[in-house]
Amino acid sequence: MPARGRPRQFDRTAALRMAMVLFWEHGYEGTSLSALTSAMGITSTSLYAAFGSKEQVFREAVELYSSDSATGEEALAASPTARQAVETMLRENAAAYVDPATPRGCMVVLAGMNLTAANEGVGRYLAACRAGDRANLLARLRRGAAEGELAPSTDLEAVADYYLTVLHGLSVQARDGFTLDQANAVVDTAMAAWGSFAGGRGGAAASGHEQV
């Protein structure tokens, strides 16, 4: 017996990518339901049938955005040293933040600004995403410390917070018009600070610029 109801007449992944760009550019509050359905090429009825709510569309759009992030556990683990992992994270994200083919800045940092009380759940979700990035970075730093890259006395949580603060600041600066050269100059300065807490094998590499 054939299934009842019409099959969905849209490409869900393509529609979600359109939603991602809209949320990325205008933020959650700044994206109306009508703008969302127009960009996705579906009706509000189809949106609710496929996703359940505007917030669920947003959450899935953030997951899609984050799938290519250099703050993921696998991306950080791919670099042979913790220092290289941090620098790669900063440079790759900085390049993405100023890419003219996409909205500027980081969706996870910027899309949840100025939320009303009714959308506090969106803010908590984005905070949890950023906490996940912190956990991934901290795990990579702990591995580096265990491998002798960092001095035993290093406050790894403070180091993680420092580099994530730089990363999030680059997102805001990108939205304000930063060029890639400006972003990389900030990364150069941030990586120069590595020498103040690096020990063992990490100390020598931290004294100069290491292009990745």
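What you see is a predicted model, and the numbers here were worked out from it, not measured in a lab. (Residues numbered from 1 in each chain as written. Predicted model: local features only at pLDDT ≥ 70, side-chain atom pairs only at ≥ 80, totals over all residues. Heavy atoms only, no water.)

*Asks:* I'd like a description of the pattern of salt bridges, backed by residues and values.
*Replies:* Counted according to the given criterion, the structure contains 10 salt bridges. For E55, the salt bridge goes to R59, with nearest N and O atoms at 3.0 Å. With E55 and R59 both in helix α4 (residues 54-66) and four residues apart, this pair spans about one turn of that helix. Looking at R59, the relative accessible area reads 26%, which means it is partly exposed. The salt bridge partner of E87 is R91, with a shortest N-O separation of 2.8 Å. Taken together, the residues E87 and R91, both in helix α6 (residues 82-97) and four residues apart, mark about one turn of the helix. Across this residue pair, the class does not change: E87 and R91 are buried. (Salt bridge = Lys/Arg side-chain N within 4 Å of Asp/Glu carboxyl O. Helix = DSSP H or I, 4+ residues; strand = E, 2+ residues; numbered from the N terminus. Buried < 20%, exposed > 50% of the residue type's maximum accessible area, 1.4 Å probe, protein only.)

*Asks:* Explain the environment of M113 to me, and be specific about the residues and the numbers.
*Replies:* For M113, the location among the structural elements is in the loop between α7 (107-110) and α8 (120-146). For M113, a relative accessible area of 47% gives the class partly exposed. Residues M113 and Y28, spaced 85 residues apart in sequence, show a C-alpha to C-alpha distance of 8.2 Å.

*Asks:* Can you break down unusual backbone geometry residue by residue, with the values?
*Replies:* Here N114, not a glycine, exhibits a phi torsion of approximately 60°, which is positive. Structurally, the position occupied by N114 is in the loop between α7 and α8.

*Asks:* Describe α6, and please don't skip the residues or the numbers.
*Replies:* Here α6 spans 22 Å end to end across 16 residues, near enough to the 22 Å set by a 1.5 Å rise per residue. Of all 16 residues that make up α6, 12 are buried, and the element is covered over most of its length. Every buried residue of α6 is listed here: A82, R83, A85, V86, E87, T88, M89, L90, R91, N93, A94 and Y97. (Expected span 1.5 Å × (residues − 1).)

*Asks:* Can you tell me about the packing of aromatic side chains, naming the residues and giving the values?
*Replies:* The description of an aromatic ring pair rests on the distance of the ring centres and on the angle between the ring planes. For the structure on display, the rule yields six aromatic pairs. Centroid distance F23 to F58: 5.0 Å. Interplanar angle 85°. Geometry classified as edge-to-face. Taken together, the residues F23 in helix α1 (residues 12-26) and F58 in helix α4 connect sequence positions 35 residues apart. Across this residue pair, the class does not change: F23 and F58 are buried. Ring centres of Y163 and W194 lie 6.1 Å apart, and the angle between their planes is 45°; on these two criteria the pair is classed as tilted. With Y163 in helix α9 (residues 156-175) and W194 in the loop between α10 (180-192) and α11 (201-206), this residue pair connects regions lying 31 residues apart in the sequence. Each member of the pair, Y163 as well as W194, carries the same accessibility label: buried. Three or more aromatic residues link up through ring pairs in this structure, and these residues are F23, Y28 and F58. (Phe/Tyr/Trp six-rings, centres within 6.5 Å; stacked < 30°, edge-to-face > 60°.)

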